[in-house]
Amino acid sequence: MTETLPTGTQTPGTQTPPAFPVPRECPFAPPERYAELRAAEPVSRVTLPTGKQPWIVTRYADVRALLADPRVSADIRHPNFPAMGIGEQEAGAKSRPFIRTDPPEHTRFRRMLQAEFTVKRIRDMRPAIQRTVDDLIDAMLDSGPPVDLVTAFANAVSTTTVLGLFGAPTDDIEFFRDVTRISGGRTSSAEEVGAALASLFRMLDGLITAREQAPGDDLLSKLVVNHLRAGVVTRHELLSAIGITIVAGRETTTSMIALGTLLLLRHPEKLARLRAEPELMPAAVEELLRILSVADSIPLRVAAADIDLDGTRIREGDGIIALLAAADHDPEVFPDPQRLDLDRVNRHHVAFGYGVHQCIGQNLARLELEIAIGTLIRRIPDLRLAGAFDDLEYKNDAATFGIEAMQVTW
Ligand code: HEM
């Protein structure tokens with residue numbers, strides 16, 4: 001954080017700051033406006049659909065500095081919290097997902113999950129994820145083209161995996177898709193978000209009861225025995241923690257599997273290299289994560305003190321959005337940022353965020369992407385879009401950038 005006095009201190013002027021969010025012109029790059037701002041006004045005011053006027057931050061160094069700064073709060077109850085969905089803040093203030101809390105409250109949840117979310121447990125999920133992926137590809141091959149890759153594959157892989165983590169039934173995948181769509185939808189009302197979360201909590205409550213009666217060795221049993229029974233968390237807190245993990249883990253990974261495949265389909269020479277050198281898959285996954293940065297505007301914060309950044313004073317109580325896609329396309333850090341470079345040396349992207357809230361599921365997400373995309377391109381080598389690239393529709397109004405549907409053929 002800069003020690004010098006601010007030279008270009010900004011305060012909201014009489015003019016209304018430009019509207020935010022802005023849609024992407026290209027699905028594989030952040031909005032062009034981010035680059036203009038990064039060069040000219042790296043800390044700038046915007047106006048949200050709610051009327052709030054937070055700062056957006058577009059430089060890699062600033063995004064990392066802010067997300068690691070203890071003077072920055074993620075508490076959703078703050079009146080200036082820059083929630084983008086109209087119902088998100090009101091519903092979030094009630095359900096208190098730990099992603100929107102601060103230490104020490106946040107630390108308690110983070111420790112609880114991290115204790116059970118071990119590297120070994122994730123590694124042990126590889127055969128199950130591979131089986132899920134193979135079964136879904138078998139079903140696609142059996143049904144024949146065209147197939148919507150989002151529904152038939154991406155969403156099914158991510159939802160089955162995150163539910164498998166908690167031993168939740170996977171026979172109603174659409175239910176979870178609806179819960180996430182409503183709770184992450186920017187036009188959902190507080191009542192709609194509340195009702196969607198309540199139905200999720202009801203389902204999870206039944207699972208907790210079952211584990212209380214007959215605990216096993218699974219992650220949920222460990223959470224029940226080691227944390228709920230031990231009085232570390234209340235039942236509502238446990239429900240909220242599991243609920244946000246399912247919601248956070250589903251939509252992001254679905255988007256990444258579908259858009260990552262799409263991006264590769266646009267680069268046949270890279271696809272050919274990946275098929276020939278499958279050991280490059282982990283490097284490809286990092287590049288896809290960086291380029292797509294689908295969780296661009298998920299890190300929402302409020303300044304808990306005055307903060308000087310790039311000559312601008314962010315005042316205590318101001319909202320802040322640390323734009324991950326802007327950081328991951330900062331040419332100072334990632335030269336030629338839109339280039340899909342399988343040999344790129346710098347892999348320190350912030351697609352999973354940074355600081356205390358950095359994604360807890362990132363190793364699981366990496367594993368899913370590697371298996372899902374790697375198996376898909378190997379088993380269906382002539383996979384291609386069934387329609388025109390220009391006709392595809394994207395989700396610009398959800399918390400996570402994504403694609404509505406993607407018909408593929410082979
Ligand atoms: C490619 C897929 C994913 C992306 C891009 C992604 C991105 C992110 C980002 C950017 C954050 C930080 C938000 C902030 O700072 O406000 C985050 C947090 C989180 N993610 Fe992920 N995520 C992914 C997959 C997953 C998966 C698979 C899970 C769980 C199984 C998960 C669970 C969580 C949770 C619980 C948090 C909150 C952590 C905290 O506040 O301490 N995510 N994720």
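Residues numbered from 1 in each chain as written. Predicted model: local features only at pLDDT ≥ 70, side-chain atom pairs only at ≥ 80, totals over all residues. Heavy atoms only, no water.

Caption draft 1: The arrangement of the overall build of the protein in detail. A count of helices and strands for the protein gives 15 helices and twelve strands. Compactness check: the protein gives a C-alpha radius of gyration of 21 Å against a globular reference of 22 Å for 410 residues, within 12% of the reference. Overall, the C-alpha framework of the protein stretches about 65 × 55 × 35 Å when taken along its three principal axes. The burial tally for the protein puts 56% of its 410 residues in the buried class. Total accessible area on the protein stands at roughly 17,200 Å², and carbon and sulfur atoms take up 53% of it. (Helix = DSSP H or I, 4+ residues; strand = E, 2+ residues; numbered from the N terminus. Rg over C-alpha atoms; globule rule 2.2 N^0.38 Å. Buried < 20%, exposed > 50% of the residue type's maximum accessible area, 1.4 Å probe, protein only. Areas by Shrake-Rupley, 256 points an atom, 1.4 Å probe, with all protein chains shown as cover.)

Caption draft 2: Region of interest: the pattern of salt bridges. The tally for this structure, following the rule as stated, stands at 29 salt bridges. Of the charged contacts in the structure, one is a salt bridge between Asp75 and Arg77, with a shortest N-O distance of 2.9 Å. For Asp75, a relative accessible area of 15% translates into the label buried. The shortest N-O distance in the salt bridge between Asp134 and Arg379 comes to 3.1 Å. One end of the pair, Asp134, is in helix α6 (residues 126-143); the other, Arg379, is in helix α15 (residues 362-379), with 245 residues separating them in the sequence. In this structure Asp134 comes out as partly exposed when scored by relative accessible area, which is 23%. (Salt bridge = Lys/Arg side-chain N within 4 Å of Asp/Glu carboxyl O.)

Caption draft 3: Quick look at unusual backbone geometry. Cis geometry marks the peptide bond from Phe20 to Pro21; its omega dihedral reads 5°. In this structure, the amide linkage connecting Pro103 to the following residue, Pro104, adopts the cis form with an omega of 0°. Relative to the elements of secondary structure, Pro104 occurs in the loop between α3 (88-95) and α4 (105-116). Unusually for a residue other than glycine, Ser293 sits at a positive phi of about 30°. Within the secondary structure, Ser293 is located in the loop between α13 (281-292) and β5 (300-303).

Caption draft 4: Broad picture of the packing of aromatic side chains. If you walk through the whole model with that rule in mind, you get five aromatic pairs. On the numbers, 5.0 Å between centres and 80° between planes, the contact of Phe175 with Phe176 is edge-to-face. By relative accessible area, Phe176 is classed as buried at 4%. One cation-aromatic arrangement involves Arg24 over Phe401; the distance from NZ or CZ to the ring centre is 4.1 Å. Above the ring of Phe389, the side-chain terminus of Arg266 is found at 3.6 Å from the ring centroid. (Phe/Tyr/Trp six-rings, centres within 6.5 Å; stacked < 30°, edge-to-face > 60°. Lys NZ or Arg CZ within 6 Å of the ring centre and 35° of its normal.)

Caption draft 5: Highlighting helix α12 (residues 268-276). Where α12 is concerned, the buried positions are Lys270, Leu271 and Leu274. Projected down its long axis, α12 carries its buried residues within an arc of 100°, all on one side. The exposed residues of α12 that point more than 90 degrees off its buried face are Pro268 and Ala276. Where the residues of α12 are buried, they touch α11 (235-265), α13 and α15. (Arc of directions from axis to C-beta. Contact = heavy atoms within 4.5 Å.)

Caption draft 6: Inspection of the environment of Asp138 at higher detail. The residue Asp138 is located in helix α6 in this model. For the pair Asp138 and Arg379, spaced 241 residues apart in sequence, the C-alpha to C-alpha distance is 9.5 Å.

Caption draft 7: Focus on the sheet that holds strand β9 (residues 384-385). If you trace the three strands from one edge of the open sheet to the other, you get β4-β12-β9, paired in antiparallel fashion. Where the open sheet ends on each side, the last strands, each with one partner, are β4 (147-148) and β9. The sheet contact formed by β4 and strand β12 (residues 407-409) spans two bridges and is antiparallel. Pairing of Val147 across the sheet is with Val408, part of β12. (Pairing = 2+ DSSP bridges.)

Caption draft 8: Representation of the site of the ligand. Within the structure, the ligand sits among 30 residues, and His106, Arg110, Arg301, His357 and Cys359 are positioned closest to it. In the environment of the ligand, an oxygen atom lies 2.6 Å from a nitrogen or oxygen atom belonging to the side chain of His106. Residue assignment for the shell around the ligand shows that the elements contributing at least two residues are α4, α7 (149-166), α11 and α15. Ranked by residues supplied to the shell around the ligand, first place goes to α11 with six residues. (Near = heavy atom within 4 Å. Polar contact = N/O pair within 3.5 Å; in protein donor to acceptor, adjacent residues only side chain to side chain.)

Caption draft 9: Geometry of the sheet that holds strand β1 (residues 43-45). Read across the open sheet, the five strands follow the order β1-β2-β8-β5-β3; overall the sheet is mixed. Each edge of the sheet is formed by a strand with only one pairing partner; in this case those strands are β1 and β3 (72-73). In terms of strand pairing, strand β2 (residues 55-57) meets strand β8 (residues 319-322) through three bridges, oriented parallel. The partner of Ile56 across the bridge, within β8, is Ile321.

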